[in-house]
Amino acid sequence: MIRIAIANQKGGVGKTTTAINIATAMAATGWKTLLIDLDPQGNASTGLGIASADRARTSYDLLVEGTPADECTMATAIPNLEIIPSTVDLSGAELELVAEENRATRLRDALREHKGHEICFIDCPPSLGLLTLNALTAADTLMVPLQCEFFALEGLSQLLQTVERVQGRFNRDLGIVGIVLTMFDRRNRLTDQVSDDVRECLGNLVFEAVIPRNVRLSEAPSHGLPALIYDHSCAGSRAYMALARELIGRLPKERIAA
Ligand code: ATP
Ligand code: MG
């Protein structure tokens, strides 16, 4: 299973929207896909129509209780897409794990024997705390949603420092599969400027596909649906399909099932 963490410690930059829609796009392309909601806010779970009351086993059980991953996995309305949901309980995990020696590797250990999915996306909370650390330690690679705004690059350098620390201590092979520009508004000159700066600074690391600011993307979660299902032809959905194609091109060929 290829494991991709979707992280940026800045809040509201499009992590969850990206996680839901890239996971849906991969599932639609035939990949057996797992989405792990590692954010106590549970937005990815809600956005995929999983009511709180139905979240029997969650990422909290996976991380803290040691429940096997396949027991925490739930179906979604989308064929090929399953989820390990989260609830607010997960906010206690950081404290509960603080004294555990393996606290940074809990997720990696929990997924080590997991079979049945070809790709997994991990939706991280907006912080660089223990939950995100677990995601980065468990992941093969990282995808970073970046909103084109003035402070974007500052936050990014902090994230990249964290990646280096994780590479040094827990996960030497952690890669960065790409940075995806989100909520792009071509009528806004600052957006253009920031996007140019980011591309100049980071070159090929930035995906060609850019996610536009699109009202359908923000409406879809309130219907418990990925935008790709809610309105598959809107500009946002098309952008996420393009992102998925690009992502597949960037995955290590030897890890892609024949
Ligand atoms: P958090 O840090 O709280 O987890 P996040 O990084 O996961 O936030 P999202 O929840 O995906 O960010 O997005 C924040 C808000 O912006 C949501 O209301 C979402 O619907 C909206 N949004 C995300 N991407 C877009 C977009 N491309 N166009 C319009 N609205 C968007
Ligand atoms: Mg989120």
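The coordinates are above.
Residues numbered from 1 in each chain as written. Chains lettered and ligands numbered in written order. Predicted model: local features only at pLDDT ≥ 70, side-chain atom pairs only at ≥ 80, totals over all residues. Heavy atoms only, no water.

Chemist: Help me understand the side chain of Asp 39 in this model?
Modeler: Within the element layout of this structure, Asp 39 appears in the loop between strand S2 (33-37) and helix H2 (43-47). Despite being buried, Asp 39 has no salt bridge partner; Lys 15 is the closest side chain of opposite charge, sitting 6.6 Å away. Non-local contacts of Asp 39, meaning those with residues more than four positions away in its chain, are made with Ser 86, Leu 90, Asp 123, Cys 124, Pro 125 and Pro 126. (Helix = DSSP H or I, 4+ residues; strand = E, 2+ residues; numbered from the N terminus. Buried < 20%, exposed > 50% of the residue type's maximum accessible area, 1.4 Å probe, protein only. Lys, Arg positive; Asp, Glu negative; His and termini not counted. Salt bridge = Lys/Arg side-chain N within 4 Å of Asp/Glu carboxyl O. Contact = heavy atoms within 4.5 Å.)

Chemist: Even after reading the chapter, I still don't get the packing of aromatic side chains, so can you show me in this structure?
Modeler: Each pair of aromatic rings is reported with the distance of its centres and the angle of its planes. Per the stated rule, a full pass over the model turns up zero aromatic pairs. The cationic tip of Arg 250 hangs over the ring face of Phe 207; the distance from NZ or CZ to the ring centre is 4.3 Å. (Phe/Tyr/Trp six-rings, centres within 6.5 Å; stacked < 30°, edge-to-face > 60°. Lys NZ or Arg CZ within 6 Å of the ring centre and 35° of its normal.)

Chemist: So what exactly am I meant to see when it comes to helix H12 (residues 235-250) here?
Modeler: Between its first and last C-alpha, H12 extends 23 Å over 16 residues, near the 22 Å set by a 1.5 Å rise per residue. By the burial criterion, the buried members of H12 are Gly 236, Ser 237, Ala 239, Tyr 240, Leu 243, Ala 244, Glu 246 and Leu 247. (Expected span 1.5 Å × (residues − 1).)

Chemist: Please clarify how the pattern of salt bridges should be interpreted in this entry.
Modeler: Pairing is possible between side chains of opposite charge, provided their charged atoms come close. One pass over the full model with this rule turns up ten salt bridges. Residues Arg 3 and Asp 140 are paired through a salt bridge, measuring 3.1 Å at the closest nitrogen-oxygen approach. With Arg 3 in strand S1 (residues 2-6) and Asp 140 in the loop between helix H7 (130-138) and strand S6 (141-147), this residue pair connects regions lying 137 residues apart in the sequence. Between Glu 246 and Arg 250 there is a salt bridge, with its nearest N and O atoms 3.7 Å apart. Of this pair, Glu 246 and Arg 250 both sit in helix H12, four residues apart, which is roughly one turn of the helix.

Chemist: Any chance you could explain the nonpolar core here in plain terms?
Modeler: A general feature of soluble globular proteins is that nonpolar side chains tend to end up buried together. Counting residues in hydrophobic clusters, the biggest one holds 43 residues, and the most contacted among them are Ile 36, Leu 38, Leu 63, Leu 107 and Ile 122. Leu 63 has contacts with Leu 38, Leu 90, Leu 97, Arg 106, Leu 107, Leu 131 and Asn 134, leaving out every residue within four places of it along the chain. Leu 35, Phe 207, Ile 211 and Leu 247 belong to the second-largest nonpolar core, a separate cluster that totals 37 residues. (Core = buried A, V, L, I, M, F, W, Y, C linked by side-chain atoms within 4.5 Å.)

Chemist: Looking at this structure, how should I read helix H9 (residues 189-202)?
Modeler: Since the α-helix advances by 3.6 residues per turn, residues separated by three or four positions end up pointing in the same direction. For H9, which comprises 14 residues, the first-to-last C-alpha distance of 20 Å matches the rise-based estimate of 20 Å (1.5 Å per residue) to within 8%. Every buried residue of H9 is listed here: Thr 191, Val 194, Ser 195, Val 198 and Leu 202. The arc that holds the buried residues of H9, viewed along the axis, is 100°, so those residues lie on one side. Across H9 from its buried face, at more than 90 degrees, point the exposed residues Arg 189 and Glu 200. (Arc of directions from axis to C-beta.)

Chemist: I tried to follow the site of ligand 1 on my own but got confused; where do I start?
Modeler: As a structural note, the neighbourhood of ligand 1 is formed by 18 residues, with Lys 15, Thr 16, Thr 17, Pro 212 and Asn 214 the closest of them. In this structure, an oxygen atom belonging to ligand 1 sits 3.0 Å away from a main-chain N or O atom of Val 13. At a separation of 2.8 Å, an oxygen atom of ligand 1 approaches a polar side-chain atom of Thr 16. Considered on its own, ligand 1 offers 620 Å² of accessible surface; in the complex 81% of this is hidden by protein. Mapped onto the shell around ligand 1, the elements with two or more residues apiece are helix H1 (15-28) and helix H10 (215-219). The residue inventory of the shell around ligand 1, partitioned by class, reads six nonpolar, eight polar and four charged. (Near = heavy atom within 4 Å. Polar contact = N/O pair within 3.5 Å; in protein donor to acceptor, adjacent residues only side chain to side chain. Areas by Shrake-Rupley, 256 points an atom, 1.4 Å probe, with all protein chains shown as cover. Nonpolar A, V, L, I, M, F, W, Y, C, P; charged D, E, K, R; others polar.)

Chemist: Is there a simple way to explain the environment of Ile 84 in this structure?
Modeler: Structurally, the position occupied by Ile 84 is in strand S4 (residues 81-84). In the structure, Ile 84 is positioned 70 residues away from Gly 14 in sequence and 19 Å away in space, judged by C-alpha atoms.

Chemist: It is not clear to me how the sheet that holds S2 should be interpreted in this structure. Could you clarify?
Modeler: Two modes of strand pairing occur in sheets, parallel and antiparallel, and in both the strands are linked by backbone hydrogen bonds. Spatially, S3-S4-S2-S5-S1-S6-S7 is the arrangement adopted by the seven strands of the open sheet, whose pairing is mixed. With partners counted over all chains shown, the strands left at the sheet margins are strand S3 (74-75) and strand S7 (175-182), one partner each. In this sheet, S4 lies alongside S3 in antiparallel orientation, the contact comprising two bridges. Opposite Ala 75, over in S4, you have Glu 82 as the bridge partner. Sheet strands in contact with helix H8 (residues 152-169) are S6 and S7, and its direction is about 165° off that of S6. (Pairing = 2+ DSSP bridges. Axes fitted to C-alpha atoms, helices over the stretch in contact; angles between N-to-C directions.)

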